[in-house]
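The primary structure of each chain is shown beneath.
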Amino acid sequence: KTNASSNGVTDNLTGCYACLGALRYMSISDLRLDDTDICVLLTGGKNAGNAGAKAYEKEFGESDRALETTVIALDTLNSSGDITVKDAKGKYAKFIASAFENAGCEYKTGNIKYLKGDGKIFAKKKTPCVTLTSLPEEAPDYYKSDLDNCDLLDPKPVEQAIKVMLEAAYLKDAPAPEKKEKK
C-alpha cells in the first residue's frame, strides 16, 4: 500500500536536484546558449493527479508548442538501476539518444507503466516530451511510501541526468544542419 504523501526523497527531490544542478553548472562555468531558452519547471501535486503540470500546460502549453519546446521530465533518480528513457518517439528518441551518447552515459528504453509522472501530461497535449527515470519495471517497495528516504540516494544517476540535460540543451541550441538542394 502506498501513501498519498511520503518523504519523496528520490521520487520527488532527485529530479528537481538534477535540473537545478544543470543550471548551476552552466552558471558557475559561465556557459551560455545562443538561441535556446531553458526553463526548469518544478511542479507540485504529482500525487494529486499531476495538478502542477496540468496548470502549467493549461497556461503555457500552446505557446510552448509554438516555440518548439521539448520537455525532459526527470522522475526518481536513484540506485534502482540504469536510467530508463520513457515515451521517446521519432526525432525525440534520436535527440535524447544523442544527448546520452554525448554525455557518455548509457540508458535503456522502457515503459514504466505505474509511473504517472508529469511527462504524461505534456505528451497528452502533444508537447514533445521524454521522461528519464531509474525506476525498475515493477514498482519497488519504497515507491510512494515512507521507505523513500535519504538511504536511497545515489549520486550516480543524478550526475548522469545532469550531464544528459546539459548535452540536450546544447543539442537543442545547435544550428540545424543545412539541407542540400536537389539538382
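Structure: see above.
Residues numbered from 1 in each chain as written. Predicted model: local features only at pLDDT ≥ 70, side-chain atom pairs only at ≥ 80, totals over all residues. Heavy atoms only, no water.

A. The arrangement of the overall build of the protein in detail. Within the protein one finds five helices and four strands. When the helices and strands of the protein are listed from N to C terminus, the series reads α-α-β-β-α-β-α-β-α. Buried positions account for 40% of the 183 residues belonging to the protein. Pairs at least 24 apart in sequence give 82% of the contacts found in the protein among residues at least 6 apart. With the model as given, the accessible surface of the protein reaches about 11400 Å², and the carbon-plus-sulfur share is 51%. (Helix = DSSP H or I, 4+ residues; strand = E, 2+ residues; numbered from the N terminus. Buried < 20%, exposed > 50% of the residue type's maximum accessible area, 1.4 Å probe, protein only. Contact = heavy atoms within 4.5 Å. Areas by Shrake-Rupley, 256 points an atom, 1.4 Å probe, with all protein chains shown as cover.)

B. Quick look at the packing of aromatic side chains. Evaluated as defined, the whole model comprises four aromatic pairs. Ring centres of Tyr-56 and Phe-122 lie 6.2 Å apart, and the angle between their planes is 65°; this geometry places the pair in the edge-to-face category. Pair noted here: Tyr-56 is in helix H2 (residues 51-66) and Phe-122 is in helix H4 (residues 119-124), with a separation of 66 residues, a long-range link. Under the relative-accessibility criterion, Tyr-56 is labelled buried at 17%. Classification of Phe-122 by relative accessible area gives buried; the value is 4%. Here Phe-100 and Tyr-107 contribute two aromatic rings whose centre-to-centre distance is 4.6 Å and whose plane-to-plane angle is 40°, an arrangement assigned as tilted. A residue is classified by how much of its surface remains accessible, and Phe-100, at 1% relative accessible area, is buried. Here the aromatic cluster, defined as three or more aromatic residues joined through ring pairs, consists of Tyr-56, Phe-60 and Phe-122. (Phe/Tyr/Trp six-rings, centres within 6.5 Å; stacked < 30°, edge-to-face > 60°.)

C. Spotlight on the sheet that holds strand S2 (residues 84-86). What the four strands build is an open sheet, ordered S1-S4-S2-S3; its pairing is mixed. In this open sheet, the two edge strands, each paired with only one partner strand, are strand S1 (71-74) and strand S3 (108-109). Taken together, the four bridges between S1 and strand S4 (residues 129-133) define a ladder with parallel strand orientation. Each bridged residue has a counterpart across the sheet, and for Ala-73 the counterpart in S4 is Thr-131. (Pairing = 2+ DSSP bridges.)

D. Spatial organisation of helix H1 (residues 9-28). Burial in H1 covers these residues: Val-9, Thr-10, Asp-11, Thr-14, Gly-15, Ala-18, Cys-19, Gly-21, Ala-22 and Met-26. Contacts from the buried residues of H1 go to S1 and helix H5 (155-173). Of the residues trailing H1, Asp-30 is marked for its positive phi of about 55°.

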